[in-house]
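Now for the letters of each chain:
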Amino acid sequence: MSAPAKAELLTKNIRRKEMEQQLNTVWTRFFDLIKIPYPKTPALPQGDATQMLGYFENYAKTNRFDFEVDDCQNACISVEASYGHDKDREIVVQGHHDAVFVGEPDPSINGVNPVTTEDGKWVKGDTTNLTADNRLGVALTLTAVENLVKSGKVHGPVKILLTAGEDSGLIGATYLGETKSKFLDGNQTLINVDSSEGPEWLTIGCASGSRDQLTIPVNYEAIGDKKLVKFGFSGFPGGHSGLDIGKDRPSSIRFFAELFADLKQEFPNIGLASLKAGEAFNSISVGSEFILTINVQDEVRVQEFIDQYIERMKREIPANAPEEFRNSRVNIKASPKSLIGDETLIQNQMDKTTSNHLINVLLAIPQGVGEKEGDEILSSNNIGTVEIAQDKIIIQAMTRGKETSFRDKLREQIKAVAKKENVLVEEKLSYRHWSPQPERLLIKLAKEIGEAVLKKEIKTRVSLGGLEPGIFEGVFPGLEAISISAARIENEHSLAEQAEINSLEDGYTFLTALLTEIPKIYS
């Protein structure tokens, strides 16, 4: 049985008292951060960070650090260098304060209730995702920099840069680049803390990405004497659309399209009045709610058809299927739900032409891995969200590529689908890949520092997810960046998200060593 996660219990086995106290502070800060409301608003669909920024400002005041916020809700905390070291190369430790929110009650409003897993090795959210991406990295950074100053260790100038809207399309980082923000320049070393594979991994590059919005105009027709019946999916595992896309996890959006296509074959008069699916464009969709219009005499048969459809899918899982494949499908179900609010007043449904366009698009757009070379994923696409907004259907898709050319090749397939179905497609976001340069001095130094303090091999990798250093290095020549993990984090953007408790010590040790050792090399 899961138990409430308490900082003092998570660090009780740490042998060194000083380290125990510091990790206790990291966990305490993390639990504070994940409880702060971060609601989406019409003006700030990526989330309103006002209360989060208040937390950072209070931290800065307490430690007598300078604090600034720009018009995009990016926060910068500046720490003066030790006496005589103000000319040292500045280190910027960078993370993002937003998150993807999954589960109920809505963690963007109600916060996250952290618990430990039954084996006591991981922290997860009770009924929601944990939002450790990237709040654990932020908590680690705040504590490491605070302790660097309090300990009296010699250090150069340090900035803590906390960006907004990373999970909504690198919004904050893009703003910093477009405005040539004073927070960054070309004479800095940037340590990003948004990786998740574990402290023994050093991320030195990332995939390119783009977000396409497809818009389908909706034509309505009267429901007549048909009945409104609402369903909701559950049991889909979700996950990060970059890091988990190669794990063959089912998408609730694609599953809905396949199911509805079959329903229309069996019940030609069935209609679709409403659809809201997915949580974020960069997450593999977990939830889908849809309202069908059904002939009264068919209601029971429709429910039976849906149940049998799902059970048949489970029976057809190959006996030799990988455990990940099997586990991601065995809990899927569709349950009737009560109509609420204005849903009870619905009198129209999509006409058949509109619903056919929708299903054709959802079935034809690539979902999952595009190209591979051996085991390496070169490109991927994820249908993240679908929503009906009055007279149009909005579909958001996220395409990634190891290099920009791979991404754009897959996007051409999306454009071809849109052209065939006479659907408008618009690119709403685009960012370049962060090109790995393993020969760089910074990367060699970081590996040496990590191996010296962790007593284990530090391996390098290129992330399938988007990371902000790619934007920064492209705009601020001379700035060099690496990305590290606060701890090992699994299943981001899903209900199964969890952070490994014991790996946090290595993450803290590695960051602390980088803060103290890198300036010595560059001075």
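As a reminder, the structure under discussion sits directly above these lines.
A. Quick peek at the nonpolar core. Trp 27, Phe 30, Phe 31, Phe 56, Leu 136, Leu 202 and Leu 514 are the most contacted members of the largest nonpolar core, which totals 68 residues. Per-element tally for this core: the top contributor is helix α5 (residues 132-150), with nine residues. Beyond its immediate stretch of four places on either side in the chain, Trp 27 contacts Ala 7, Leu 10, Thr 11, Val 123, Leu 136, Ile 501 and Leu 504. Membership of the second largest hydrophobic core comes to 45 residues, among which are Phe 255, Phe 256, Leu 272 and Ile 332.

B. Structural detail: the packing of helix α7 (residues 252-266) against helix α10 (residues 352-364). In contact at an axis separation of 9 Å, α7 and α10 are set at 135 degrees when each is read in the N-to-C sense. Taken together, the axes of α7 and α10 lie oblique to each other. Seen from above, α7 lies across α10 with left-handed handedness. The residues of α10 that touch α7, namely those facing Ile 253, Arg 254, Phe 256, Ala 257, Glu 258, Phe 260, Ala 261 and Lys 264, are Ser 355, Asn 356, Ile 359, Leu 362 and Leu 363.

C. Helix α14 (residues 503-522), seen in detail. Given a rise of 1.5 Å per residue, 20 residues ought to cover 28 Å, and the 29 Å separating the end C-alpha atoms of α14 matches this to within 8%. Where α14 bends most, the angle comes to about 30 degrees, and this point is Leu 514. α14 sits mainly inside the fold: 14 of its 20 residues count as buried.

D. Expanded view of the pairing of strand β22 (residues 379-389). Counted residue by residue, β22 has nine buried out of 11 residues, so it is predominantly covered. Relative to β22, strand β14 (residues 271-277) runs antiparallel, the two sharing two bridges. Residue Ala 277 lies in a different strand from β22, and its bridge partner there is Val 386. Bridge count between strand β19 (residues 368-369) and β22: two bridges; the pairing is antiparallel. Paired with Gly 368 across the strands is Asn 381, a residue of β22. Direction of pairing for β22 relative to strand β23 (residues 392-401): antiparallel, over a ladder of 10 bridges. The residue bridging Glu 387 from the neighbouring strand is Ile 394, located in β23. In this structure, the hairpin formed by β22 and β23 is closed by a connection of two residues, where Gln 390 is found at a positive phi of approximately 60 degrees.

Cut-off values and rules
Residues numbered from 1 in each chain as written. Predicted model: local features only at pLDDT ≥ 70, side-chain atom pairs only at ≥ 80, totals over all residues. Heavy atoms only, no water. Core = buried A, V, L, I, M, F, W, Y, C linked by side-chain atoms within 4.5 Å. Buried < 20%, exposed > 50% of the residue type's maximum accessible area, 1.4 Å probe, protein only. Helix = DSSP H or I, 4+ residues; strand = E, 2+ residues; numbered from the N terminus. Contact = heavy atoms within 4.5 Å. Axes fitted to C-alpha atoms, helices over the stretch in contact; angles between N-to-C directions. Parallel < 35°, antiparallel > 145°, perpendicular 65-115°, else oblique. Left-handed = near helix turned anticlockwise from the far one by under 90°. Expected span 1.5 Å × (residues − 1). Bend = angle between axes of the 7 residues up to and from the residue. Pairing = 2+ DSSP bridges.

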